[in-house]
Every structure is written in C-alpha cells, then in structure tokens.
Amino acid sequence: MRSVGAVIEFRDYSFSYLGGNRAVLDLIDLKIERGEIVILAGPTGCGKSTLLRSINGLIPHMYPGDRKGSVLVDGLDVALTPMSKIAEKVGFVFQNPENQIFMFSVERDIAFALENLAMPRNEIRERVSWAMNLLDIAHLAKTAPHELSDGQKQRVAIAGVLAMKPSVLILDEPTSLLDPKTASQLVSTVNQLHDSLNITIIVVEHRLDLLAGIATRILIMQDGTIRLDGPPREVLSKREAELAGIGIPTVTRLYTLLRQSGLSIGQPPLSPHELAELLRVKPND
Ligand SMILES: Nc1ncnc2c1ncn2[C@@H]1O[C@H](COP(=O)(O)OP(=O)(O)OP(=O)(O)O)[C@@H](O)[C@H]1O
Ligand SMILES: [Mg+2]
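So, a few notes on the structure that sits alongside this text. Since we're looking at a predicted model, the values are computed, not measured. (Residues numbered from 1 in each chain as written. Chains lettered and ligands numbered in written order. Predicted model: local features only at pLDDT ≥ 70, side-chain atom pairs only at ≥ 80, totals over all residues. Heavy atoms only, no water.)

The end-to-end C-alpha separation of helix 7 (residues 180-197) is 26 Å, in line with the 26 Å expected for 18 residues at 1.5 Å each. Residues of helix 7 that are buried include every one of Thr182, Ala183, Leu186, Val187, Thr189, Val190, Leu193 and His194, and no others. The arc that holds every buried residue of helix 7, seen down its axis, measures 160°, which confines them to one face. Projecting away from the buried face of helix 7 at angles above 90 degrees are the exposed residues Pro180, Lys181, Gln192 and Asp195. Looking at the buried side of helix 7, the elements it contacts are strand 3 (37-41), helix 5 (121-134), helix 6 (150-162), strand 7 (168-172), strand 8 (200-204) and helix 8 (208-211). Note on helix 7: the residue one or two positions beyond its end, Asn198, has a positive phi of about 50°. (Helix = DSSP H or I, 4+ residues; strand = E, 2+ residues; numbered from the N terminus. Expected span 1.5 Å × (residues − 1). Buried < 20%, exposed > 50% of the residue type's maximum accessible area, 1.4 Å probe, protein only. Arc of directions from axis to C-beta. Contact = heavy atoms within 4.5 Å.)

Right under this line is the structure:
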C-alpha cells in the first residue's frame, strides 16, 4: 500500500545527545516527498549524521538523549516503532561498507537481513538475485567480501539494503572512500536505481559537483538547523551557500563570477557541459 504525501516528516524536532550541553538538531521542520533525491550538505559537525540517525531509528533506539517533537517515516513515528520495522522502510548505507558486510559470500550477505525476518527461502532467493542484478554484481555472488574492491563493497552494501525493498535509501558519504571514476559510476547507479524504483534517496555528500546534476533538492545545514533548502541550481547560486562552508561546484562558482562581472547567461549550470552550452548560446549578452 502506497501512502500519499511526505515519506519523511520532521515536526519541530530537536535532539541533544546524552551528556551533550546543546541541541545538535534545533527545531527541524522538514518534509521529504516520495521520489525525491535529496543531497544533505553542510560543514563537519553541523548535524547531518544525527539527522539521518533520527530517520533510521538509531536515535532514539540506540543513542539516548533529549528529544522534542517527532520524526515520521511513512506515517510511523520513529520513536514508537521498533528498529526492525523501520529497517523495512529505511535502507541505510554507512560511509564505510565494511561496517555492514560480514558474511562469507556476497549472496549470503545480501540474504542476511531477509533471513533475520524469517522470510520464505524462495522469496529470499528471488530478492537476492533481483538486488544483485540491479547493482550489477550477480557475477560476484560467491565471492568473499574481503576480495572485493571498495566500489564493489559499496554495491553489495546497497544491494543488501535494497533487498528489503525500502521506501527510502539513505547514503552517508558514499563516495568518500572511492576514487573519482568509481564515485561517478556510483552516482550513475544511484540515479538508475531512483529511476527504476522511484525510491526516495537521501545522500550526505561533500562533493556536490558529483551529485548536483541528479538531485531534486539540496538541504544545507548549519549548527543543527536547515539553512538553505531548494533545487540545486537555486541553492548553489545563493551567496549564503558559499558562506556555509560547503564545496560549491567549480562551474557554479565560475557562473557566479561571470554574472558578477556583468555577463547575463541564463540559469546556473550544474556541469561543465551546461556551462559551455550557456556560453555558446549567448556569448555577447
Ligand atoms: N554519539 C554522540 N554523542 C555525543 N555527541 C555526538 C555524538 N555523535 C555526534 N555528536 C556531536 O553532535 C554534533 C553533530 O555531529 P554529526 O555527526 O551529526 O555531524 P555531521 O554533520 O555528520 O559531521 P561530519 O560531516 O563530520 O560527518 C557534533 O558536535 C558531534 O560532536
Ligand atoms: Mg556525519
């Protein structure tokens, strides 16, 4: 059954860790609609991972602290829902896939969470092969995780959470351990997953130039609040984005400089290719 409306909703939500003397998240009001691809950015310590933990239930189920307001996922209040139930709705991929890959083979690993749910064997087999095909890792089914490259491990971790058929896929800095080529392959894969599954995706990412082209929305956090929120073109060309200490993509920066020097060239580009197009179309405006 598909519910309409926001898949994730923060209602006047604040959180401080036990023993911490300040609110790490401060009165967050946020709705994320089904099918969005959201980039979450902001300087280190601003509360990105804490926001994600509040969606996947690690807060409050594993991290104690002071909480006000509520977070709903698919209409369920995270604080009142068991972690196992949330895990069926929210697939969470950690920064380091080693933290979530621990079985002897890729296929056993992907099956692990489904086995824990006591799902029938044929259903498990079907889902594991579906997820491996989606991530293009079927040829690695019998391989031991320690023999995989970092990019392959990342794919196994994503396949493992997608096998649960969640409504939301969350990736916390998925490219930070990957070389540039593997990182951009991962971004294409994320985009394809989004298109074929119409799944909601939230990604914490510092390399905005990698993801801005596929995102529907960027949230920029600062000191526990959401400072900017909107489509990538809009957010990245705002002056506050630059001040927020995030890595503005070079093309956006160049575009802003050109505008400041009096060249009016349409809407902000998100890739070098788009910038080249803009300059070709209106060189003398
Ligand atoms: N388990 C914890 N206990 C106490 N304080 C914590 C805990 N985890 C994070 N914090 C504090 O909460 C604040 C926000 O941390 P968080 O990890 O959410 O930031 P972040 O935006 O994800 O940073 P980064 O970009 O470095 O990953 C920081 O001041 C951090 O020290
Ligand atoms: Mg973090």
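Now that the structure is up, let's keep going.
Considering the arrangement of structural elements, one finds Ser70 in strand 4 (residues 65-73). Once you skip the residues sitting within four places of it in the chain, Ser70 turns out to touch Glu9, Phe10, Arg11, Tyr13 and Asp77.

Generally speaking, soluble globular proteins have nonpolar side chains that are buried together. By size, the foremost hydrophobic cluster in this structure holds 52 residues, and its most contacted members are Ile110, Ile137, Ile158 and Leu169. Tallying contributions element by element places helix 6 first for this core, with six residues. The contacts of Ile158, once residues within four sequence positions are left out, are Val93, Leu135, Leu169, Leu171, Leu186 and Leu193. (Core = buried A, V, L, I, M, F, W, Y, C linked by side-chain atoms within 4.5 Å.)

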